[in-house]
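Each chain is listed here by its residues.
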Amino acid sequence: MKAIEIKPDIYWVGAIDWAVRDFHGYVTPSGTSYNNYLIMDDDITLVDTVKYDFAEVGIKNISTIVEPSKIKNIVVNHIENDHVSALDRIMELAPDAAIYITERGKKGIERFFDISKWNINLVKTGDELKTGKYTLSFIETPMLHWPDSMMTYVKEAKLLISQDAFGQHIATTARFDDEFIECASHAELEESVIDYYANILMPFGNLIKSKIAQIQKMGIPIDMIAPDHGVIWRGEPERVLEMYLDMANGKTNLRVAIIYDTMWHSTEIMTQPIMQGIKDSGVDCKVIKLRATPMSGAIKEFWNSRGCLIGSPTLNNEVFPSVAEFMTHLRGLRPKDRITGAFGSYGWGGGAVKWLYNELSSMKLETFEPGVQAQYRPSPDDMDKCYEFGKEFAAKVREYHSKYE
Ligand code: FEO
């Protein structure tokens with residue numbers, strides 16, 4: 001896609017990755033984009049680069065506006081590979097460019113590139129760079145989502161270039177939120193925001209709240225948010241800020257996600273009466289089989305539900321491997337504001353349900369115990385117990401959810 005002017009003399013010069021389906025383990029069924037921005041001012045400034053595989057695409061986009069050697073400044077908002085791995089290629093073309101980066105960012109790129117000949121300038125929150133008619137103001141956002149992360153605010157354009165924050169993994173010819181809503185839907189866009197937040201930003205809710213509060217306290221007017229992935233928010237930038245604040249404050253649906261795996265279908269059979277009990281209590285429910293669902297999809301369903309029941313058979317006295325994998329992902333995302341429980345089947349010695357409760361408790365999640373178990377094959381009595389367990393859990397979820405209303 002060619003360069004696109006997003007504000008007077010400010011261009012999107014990124015690349016669309018239509019094919020990526022595995023983004024470091026995060027399944028991206030719609031692909032993604034690597035956005036970066038070229039400010040055509042007295043001092044030509046590039047904000048971020050693209051993933052190395054797309055370096056030539058990005059350079060071609062820049063070249064339609066200006067000869068890359070004329071780039072005077074490069075702002076590095078974030079050093080993860082998808083945004084910085086083309087930096088050395090840009091530096092080959094513009095070796096005299098001054099790089100603006102946080103201290104932690106510099107420590108990071110030293111591990112990737114030989115920066116001994118590069119003109120590196122360290123910046124922190126409040127520092128400014130005048131490029132001509134535009135002024136760039138830097139806002140550090142450490143651990144959102146890497147230690148080096150920062151955002152760049154272009155004052156006169158009221159434009160916040162927000163790196164990963166407010167992004168979405170979508171490959172689309174639409175460059176703006178309103179364009180995407182017109183060619184796809186509002187719901188699809190918001191689902192993409194939720195998916196991205198759940199899988200990348202879930203651990204950082206408190207930081208997100210304080211950072212948004214800090215930005216609001218700075219009193220900077222924002223009429224466009226340009227993230228490093230997906231569409232640019234020009235139609236309703238306030239909506240994505242509101243969504244982030246809601247998610248950081250623990251807002252989610254009154255719903256239960258039953259996330260399970262199964263060996264010989266016994267645990268799977270148990271999901272049906274549990275689901276029915278939840279449904280009969282007036283609470284929405286989704287049933288997700290792990291080996292039939294990408295991990296990031298299961299995480300999103302967890303995130304989208306106030307309650308989660310995790311089901312596993314016992315295998316060799318342990319939890320089932322795919323369930324353990326899910327729990328490892330979940331633990332890393334440091335979930336909060338959810339109530340959980342466990343169920344499962346076993347042959348001669350249980351173990352999985354106990355293991356699950358230990359894990360859920362160690363994540364400091366609210367638990368509803370002791371769960372429900374069935375030996376070998378769920379009997380009619382077991383099925384009744386599952387149904388009652390579903391009903392009781394739904395009541396607990398409703399009660400827990402009311403704290404967030
Ligand atoms: Fe899109 Fe943290 O990289």
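The structure presented is a predicted model; accordingly, all values stated were derived computationally and were not measured.

Draft legend 1. Quick peek at the overall build of the chain. Looking only at helices and strands, the chain has 13 helices and 24 strands in total. Over its C-alpha trace the chain gives a radius of gyration of 24 Å, about what one expects of a compact globule, namely 22 Å for 405 residues. When the backbone C-alpha atoms are referred to their principal axes, the chain occupies close to 75 × 40 × 35 Å. Taken across its 405 residues, the chain has 58% of its residues classed as buried. Looking at the chain alone, contacts between residues at least 24 apart form 72% of all its contacts between residues at least 6 apart. When the accessible surface of the chain is summed, it comes to about 16,900 Å², and 51% of that surface belongs to carbon and sulfur atoms. Here the chain contributes 44 positively and 57 negatively charged side chains, and the mean placements of these two sets differ by 3 Å.

Draft legend 2. Here's a closer look at the domain arrangement of the chain. When cut into domains, the chain gives domain 1 (4-248) and domain 2 (257-399). One C-alpha centre belongs to domain 1, the other to domain 2, and the line joining them spans 38 Å. Taking both partners together, domain 1 and domain 2 bury about 1,200 Å²; carbon and sulfur atoms supply 60% of that area. Looking at the side of domain 1 facing domain 2, the largest losses of area belong to Asn199, Met202 and Pro203, adding up to 44% of the total buried there. Viewed at the interface, domain 2 and domain 1 are joined by 1 salt bridge. Of the charged contacts in the structure, one is a salt bridge between lysine 300 and glutamate 191, with a shortest N-O distance of 2.6 Å. Of all elements in the fold, only strand S5 (26-27) and helix H6 (186-201) reach the threshold of two or more residues within the side of domain 1 that touches domain 2. Sorting elements by how many residues they give to the side of domain 1 that touches domain 2 places H6 first, with 6 residues. In terms of residue class, the side of domain 1 that touches domain 2 is built from 9 nonpolar, 2 polar and 2 charged.

Draft legend 3. Layout of the sheet that holds strand S7 (residues 37-39). Strand order in this open sheet of 7 strands is S1-S2-S7-S8-S9-S10-S11, and the pairing throughout is mixed. Of all strands in the sheet, those bounded by a partner on one side alone are strand S1 (4-7) and strand S11 (119-122). Between one strand axis and the next, the sheet turns through 25 degrees on average, direction left out of account. Bridge count for strand S8 (residues 45-47) against strand S9 (residues 73-75) is 3 bridges, and the pairing is parallel. Looking across to S9, one finds that valine 47 is bridged to valine 75.

Draft legend 4. Expanded view of empty space enclosed by the protein. According to the stated counting rule, one finds 3 cavities of 30 Å³ or more in the structure shown. Volume-wise, the largest cavity comes out at about 70 Å³. Along the walls of the largest cavity sit Leu144, Met151, Ala165, Phe166, Leu201, Ile208, Lys211, Ile212 and Tyr244, which together make up its complete lining. With 3 residues, helix H7 (residues 205-218) is the largest single contributor of residues to the lining of the largest cavity. When the residues that make up the lining of the largest cavity are grouped by side-chain class, the tally is 8 nonpolar, no polar and 1 charged.

Draft legend 5. Highlighting the nonpolar core. Counting 87 residues, the largest nonpolar core has Tyr244 and Phe326 as the members making the most contacts within it. Ranked by residue count, the leading element in this core is H6, at 8 residues. Ignoring anything within four residues of it in the chain, the contact list for tyrosine 244 reads Ala165, Phe166, Gly167, Val193, Tyr196, Tyr197, Leu201, Ile208 and Ile212. With 27 residues, the next largest nonpolar core counts Leu46, Ile59, Ala94 and Ile120 among its residues.

Draft legend 6. Region of the structure containing the environment of arginine 111. Mapped onto the fold, arginine 111 is located in the loop between helix H4 (103-109) and S11. Judged by its relative accessible area of 75%, arginine 111 falls in the exposed class. Through-space distance from the C-alpha of arginine 111 to that of glutamine 276 is 54 Å; in sequence the pair is 165 residues apart.

Definitions and cut-offs
- Residues numbered from 1 in each chain as written.
- Predicted model: local features only at pLDDT ≥ 70, side-chain atom pairs only at ≥ 80, totals over all residues.
- Heavy atoms only, no water.
- Helix = DSSP H or I, 4+ residues; strand = E, 2+ residues; numbered from the N terminus.
- Rg over C-alpha atoms; globule rule 2.2 N^0.38 Å.
- Buried < 20%, exposed > 50% of the residue type's maximum accessible area, 1.4 Å probe, protein only.
- Contact = heavy atoms within 4.5 Å.
- Areas by Shrake-Rupley, 256 points an atom, 1.4 Å probe, with all protein chains shown as cover.
- Lys, Arg positive; Asp, Glu negative; His and termini not counted.
- Charge placed at Lys NZ, Arg CZ, Asp CG, Glu CD.
- Domains from an automatic or database assignment.
- Buried area = accessible area lost by both parts, 1.4 Å probe.
- Salt bridge = Lys/Arg side-chain N within 4 Å of Asp/Glu carboxyl O.
- Nonpolar A, V, L, I, M, F, W, Y, C, P; charged D, E, K, R; others polar.
- Pairing = 2+ DSSP bridges.
- Axes fitted to C-alpha atoms, helices over the stretch in contact; angles between N-to-C directions.
- 1 Å grid on protein atoms, 1.4 Å probe; cavity = no way out; pocket = protein on both sides within 12 Å on 5 of 7 lines; lining within 4 Å.
- Points joined across faces, edges and corners; volume = space filled by probe spheres on them.
- Core = buried A, V, L, I, M, F, W, Y, C linked by side-chain atoms within 4.5 Å.

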